[in-house]
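Here is what each chain is made of, one letter per residue.
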Amino acid sequence: MKLTISLIVICSSMSVISCTSNQPKNTSEKPNIVFIMSDDHAYQAISAYNSGLIKTPNIDKIANQGMKFNKAFVTNSICAPSRAVILTGKFSHLNGVPGNDQVFDGNQQTFPKILQQNGYQTAMIGKWHLKSHPTGFDYWNVLPGQGDYYNPDFINQGKDTVYKGYVTDVITELSIDWLKNRDKNKPFCLMMHHKAPHRSWMPALKNLELFDDVDFPLPENFYDEYNGKEALKVQMLTVKDHMDVRMDFKIPCDTCDTVSVNSWAPGEYWRRLERLSPDERQKWDEAYQKEEFEFYEVKEDESKYDRWKFRRYMEDYLRCIVSVDESVGLVLDYLKENGLEENTLIVYTSDQGFFLGEHGLFDKRFMYEEAMRTPLLIRYPKEIKEKSQTEVLTQNLDIAATLLDVAGITIPGDMQGESLRKLWQNDVSEWRDAIYYHYYEKGFGATPHYGVRTDRYKLIHFYDVVDSWEFYDLETDPNEMHNLYTDPGYARKIRELAEKLGELQKKYKDTIQ
Ligand SMILES: [Ca+2]
C-alpha cells in the first residue's frame, strides 16, 4: 500500500506569489538558489561520503555534478542554533540562539532578507524550529517546533494547517508547488528544510520493510569506555543504555523491562501514533510485529540485545533518509525539466552531523568528528566543475556569505563567515587554518564546551557540568579514542592550539567567563 499525499488545505498564497512583477530585468540574470537541509543527517549516511551504509543516488548527484566539502563543520552541533548560524552568518553568542530554548529575533539581519531586498523571491518550507515566525520570506510554511512525521501540522504563514501524508513528501510537494507558481520574472531562493531523519526516526509507511535484517556492523569504537573523556561518562545518549524501547525501537510495551530513561518518551510514542489513520496504524503495527518478537528473544542476552538495538536504530534512521533522497531527486527533476539546472545553485546539507554508534552514541552536541562535521554538497554548473572536492576547513557559518556572494550582493561586514565561492575558484591563499566551536546546552547530560580544530589537531575544553580538557591527534587517532592532553610529547602543540583558541575567541568576539 502506498501512502499518497493529498493536501487538506491548498496554499492560498500561491496566487499571490504568481502575480506579475515590476522587477528590473537585470535581476533575472541572477542565479536561483535551492537550499536543501535535512535534520541530523550524518555524512556517514550519504553514499557520496561513505558507500557502506546506504545508497543515496539523488543526493550523490549534487556531489558528482558539483563540489563535495570533505571538512565541513558546524559551530554548535544542535538544531536551532545551527539554523540561526546559517541564517545570520554569525556565531551563537551573537545571533541570540545558543541553545534550542531561545527565541530567534526575527528583526535581525539574515541572508534571505538581504536576498529579498535585492529582488529575490524567497520561500521557507519545512522545519524552522526557531520559535518566532520566519521573516524575510515572501512565502513560508513551516512545521511547529519539531513537527510530526505523519499527517503533520504546519503553520502556513501564521495559519494552522494540517496536511495528509508523510512529512518529507509533504515538504517536497509544497516546495515544488511553490516553484511552479513562483513569479518567473524574478530570481528565487527556496529553502526546503526536512524534519527527517530526526529522532524518533519514523519512516514513510511504504518504506517500513527496507533494510530488514541487514546486519549493520557496529562501529569499531562502539564500546568506547570513555577513558580520558569525563564529559562522555555523564551523558545520557548511548545506543545501549539510553534509547527508549517504545519511542526509538517501536516496541509497544509499557510494562516490560525496558531501558527507558526519558519519562516523556512512552507518552510521545503513543501520541505520535495517534496521527495515523486506522488503516495506516494497522500497517505500522504489522510492520513492527517481527521486531517485537525479536525483542523478547534477545533482551536477556546483553551482547545480542546491543546489536539488536543498533540494528533497530539504523533501520529506521536509514528508512527516513530514503525519503529525503527521493525528495532531492524530485526537486532535481523539476529543475531539469524546467530549464533551471544551469542557473540554479543547489546546496545539500544537514543542520549538523550525527553519531551512528561511534563512541556508543546516537545524537549530536559533542565536538567529536561525527557530530561536529556535517554533509555539504553544492552544485552550480556555471562556476563549479563536476566532481570537485575540497579538504579545507569550512563551517555552516559560511553559508550566508556564500549565497550573497553568488547572488552578486556585497557581504555585510558583520557576517563572520567566508564565501565558499573562493574555494571553487581555487583562491585558498588566505583561507582559515582553524575553526572555532562552542556548544552550550546541558540536555541529556551533555556538558557545555568550546574548542578549536585544525587540519590535524583538536583541543576541547568542557566546562560547567564537568571541567576537563581533551586533545586529539586526528592523523594518528581518527576515531578520537586517545585523549593526549597530558601527554608531554604533545605539550608544545597543545600550547599552540590553546593560543589559537584564544585568538579565535577574540576574533569572533566570544567572551568566555
Ligand atoms: Ca538537528
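Every chain's residues receive numbers from 1 upward, in the order its sequence appears when written. Since the coordinates come from a predicted model, pLDDT governs what is reported: local features require at least 70, and pairs of side-chain atoms require 80 or more to be given and counted, while whole-chain, interface and lining totals use all residues. Computation of side-chain values covers all heavy atoms of the structure but excludes hydrogens and water.

Enquirer: Lay out the overall build of the protein with the relevant residues and their values.
Expert: Of regular secondary structure, the protein possesses 15 helices and 16 strands. Taken over the C-alpha trace, the protein has a radius of gyration of 22 Å; the compact-globule value for 513 residues is 24 Å, and the two agree within 12%. Viewed in the frame of its principal axes, the protein has a C-alpha envelope of about 70 × 65 × 40 Å. Note on contacts: a residue pair is in contact if any heavy atoms of the two residues lie within 4.5 Å. Here the contacts in the protein between residues at least 6 apart in sequence split such that 68% fall between residues at least 24 apart. To be clear on the numbers: accessible area is Shrake-Rupley with a 1.4 Å probe, and residue cover counts the displayed protein chains and nothing else. Accessible surface, the protein as shown: approximately 19700 Å² in total, 48% of it carbon and sulfur. Numbering of helices and strands runs from the N terminus; a helix is a DSSP stretch of H or I covering at least four residues, while a strand is a stretch of E covering at least two. The size measure is the radius of gyration over C-alpha atoms, and the globule rule it meets is 2.2 Å times the number of residues to the 0.38 power.

Enquirer: Could you give an account of the coordination of the calcium ion, with specific residues and numbers?
Expert: Atoms of type N, O and S within 2.8 Å of a metal are treated as its donors, and for Na, K and Ca the window is 3.2 Å; water is not considered, so some sites may appear to be missing partners. For the calcium ion, the full set of protein donor atoms is D39 (OD), D40 (OD), D351 (OD), D351 (OD) and Q352 (OE1), at a range of 2.2 to 2.7 Å. Between consecutive donors of the calcium ion, the numbers of intervening residues give the motif D-D-x310-D-Q. Highlighted residues: D40 in the loop between strand 1 (32–38) and helix 2 (57–64) and D351 in the loop between strand 9 (344–350) and helix 12 (369–372), separated in sequence by 311 residues. Each member of the pair, D40 together with D351, is buried. Burial here depends on accessible area, computed with a 1.4 Å probe over protein chains only, as a share of the maximum for the residue type. Under 20% is buried, over 50% is exposed, and the range in between is partly exposed.

Enquirer: Talk me through the side chain of K30; I want residue IDs and the actual numbers.
Expert: Residue placement: K30 occurs in the loop between helix 1 (14–17) and strand 1. One buried charged residue, K30, forms no salt bridge at all, with the nearest opposite charge on D405 at 10 Å. We define a polar contact as two N or O atoms separated by no more than 3.5 Å, with the added condition that, inside protein, one atom must be a possible hydrogen donor and the other a possible acceptor, whereas residues neighbouring each other in sequence contribute only through side-chain atom pairs. A distance of 2.7 Å separates the side chain of K30 from the backbone oxygen of A407, its partner in a polar contact. Positive charges come from Lys and Arg, negative ones from Asp and Glu, while His and the chain ends are left out of the count. A carboxyl oxygen of Asp or Glu within 4 Å of a side-chain nitrogen of Lys or Arg is what we treat as a salt bridge.

Enquirer: Give a description of the sheet that holds strand 5 (residues 139–143) that names residues and reports values.
Expert: One bridge is not enough; two strands pair if DSSP finds at least two bridges between them. One open sheet accounts for 10 strands, arranged 7-6-5-4-8-1-9-10-2-11; its pairing is mixed. Edge positions in the sheet fall to strand 7 (159–162) and strand 11 (388–390), since each of these pairs with one other strand and no more. Pairs of neighbouring strands in the sheet enclose a mean axial angle of 15 degrees, with direction left out of account. Relative to the sheet, helix 11 (residues 302–337) contacts strand 1, strand 8 (188–193) and strand 9, its axis offset from that of strand 9 by approximately 175 degrees. Orientation is described by axes fitted as lines to C-alpha atoms, over the contacting stretch for helices, and by angles from 0 to 180 degrees between their N-to-C directions.

Enquirer: Any details on the pairing of strand 4 (residues 121–127)? Residues and values, ideally.
Expert: Counting buried positions over the 7 residues of strand 4 gives 7, a clear majority of the element. The pairing of strand 4 with strand 5 spans 5 bridges and is classified as parallel. Bridging across to strand 5, A123 finds its partner in Y139.

Enquirer: Give me the pattern of salt bridges: which residues, what numbers.
Expert: If the charged atoms of two oppositely charged side chains come close together, the side chains can form a pair. Tallied over the full model, the rule gives 47 salt bridges. When the shortest N-O distance is used, the salt bridge between E383 and R421 registers 2.5 Å. On the criterion of sequence distance, the pair formed by E383 in the loop between strand 10 (376–379) and strand 11 and R421 in helix 14 (residues 421–424) is long-range, its members being 38 residues apart. R421 sits in the buried class, given a relative accessible area of 16%. K458 is the partner of E480 in a salt bridge, and the nearest nitrogen-oxygen pair spans 2.7 Å. Here the residue E480 occupies a position in the loop between strand 16 (468–473) and helix 15 (491–507), and K458 occupies one in strand 15 (residues 457–462), the gap between them amounting to 22 residues. In terms of burial, E480 and K458 fall into one category: buried. Three or more residues joined by partner-sharing salt bridges are found here, namely D212, K250, K290, E294, R311, R312, E315, D316 and R319.

Enquirer: Please provide a residue-by-residue account of the packing of aromatic side chains, values included.
Expert: Aromatic rings from Phe, Tyr and Trp, with only the six-membered ring used for Trp, were paired whenever their centres fell within 6.5 Å, and each pair was classed as stacked if the ring planes differed by under 30 degrees, edge-to-face if by over 60, and tilted otherwise. Going through the model one piece at a time under the given rule, you end up with 35 aromatic pairs. Taking the centre distance of 6.0 Å and the plane angle of 80 degrees together, the rings of Y150 and W284 count as edge-to-face. With Y150 in the loop between strand 5 and strand 6 (153–156) and W284 in helix 10 (residues 278–298), this pair connects stretches of sequence that are 134 residues apart. Exposure class is identical for Y150 and W284. Each is buried. In this structure an aromatic cluster arises from ring pairing among W201, F222, Y223, F310, Y313, Y317, F354 and F362.

Enquirer: So, the sheet that holds strand 13 (residues 434–439): which residues are in play, and what are the values?
Expert: The pairing of strands in a sheet comes from backbone hydrogen bonds and takes either a parallel or an antiparallel form. Reading across from one edge, 13-14-15-16 is the order of the 4 strands in this open sheet, with antiparallel pairing throughout. What marks the edges here is a single partner per strand, and that holds for strand 13 and strand 16. Within the sheet, the average angular offset between the axes of one strand and its neighbour, ignoring direction, is 10 degrees. Pairing geometry for strand 13 and strand 14 (residues 449–454), over 6 bridges, is antiparallel. The residue bridging Y436 from the neighbouring strand is V452, located in strand 14. Across the face of the sheet, helix 15 comes into contact with strand 13, strand 14, strand 15 and strand 16 while running at roughly 110 degrees to strand 14.

Enquirer: Residues and numbers for the environment of Q505, please.
Expert: Here Q505 shows up in helix 15. In this structure Q505 comes out as buried when scored by relative accessible area, which is 13%. For the pair Q505 and Y436, spaced 69 residues apart in sequence, the C-alpha separation works out to 7.6 Å. Once residues lying within four places of it in the same chain are set aside, the contact partners of Q505 are Y436, Y450, D510 and I512.

Enquirer: Explain the packing of helix 2 against helix 11 to me, using residue names and the numbers behind them.
Expert: At a minimum axis distance of 7 Å, the contact between helix 2 and helix 11 shows a crossing angle of 55 degrees. Here helix 2 is positioned oblique relative to helix 11, judged by the angle of their axes. Contact with helix 2, carried on its side by P57, N58, I59, K61 and I62, involves V324, D325, E326, V328, G329 and L332 of helix 11 and no other residues of that element. Any residue outside Ala, Val, Leu, Ile, Met, Phe, Trp, Tyr, Cys, Pro, Asp, Glu, Lys and Arg is labelled polar, Gly included; the first ten of those are nonpolar and the last four are charged. When grouped by side-chain class, the residues that make up the contact of helix 2 with helix 11 number 6 nonpolar, 2 polar and 3 charged. Working rule for angles: under 35 degrees goes down as roughly parallel, over 145 as roughly antiparallel, 65 to 115 as roughly perpendicular, anything else as oblique.

Enquirer: Describe unusual backbone geometry, and please don't skip the residues or the numbers.
Expert: The omega torsion across A196 and P197 is -5 degrees, close enough to zero to call that bond cis. Inspection of the secondary structure assignment puts P197 in the loop between strand 8 and helix 7 (230–234). The peptide bond linking R199 to S200 adopts the cis configuration, its omega dihedral lying at 15 degrees. Inspection of the secondary structure puts S200 in the loop between strand 8 and helix 7. Even without being a glycine, D40 presents a positive backbone phi close to 70 degrees. The exposure class of D40 is buried, given its relative accessible area of 0%. The phi angle at D363 is positive, at roughly 75 degrees, despite the residue not being glycine. The topology assignment puts D363 in the loop between strand 9 and helix 12. Relative accessible area serves as the criterion here: at 5%, D363 is assigned to the buried category.

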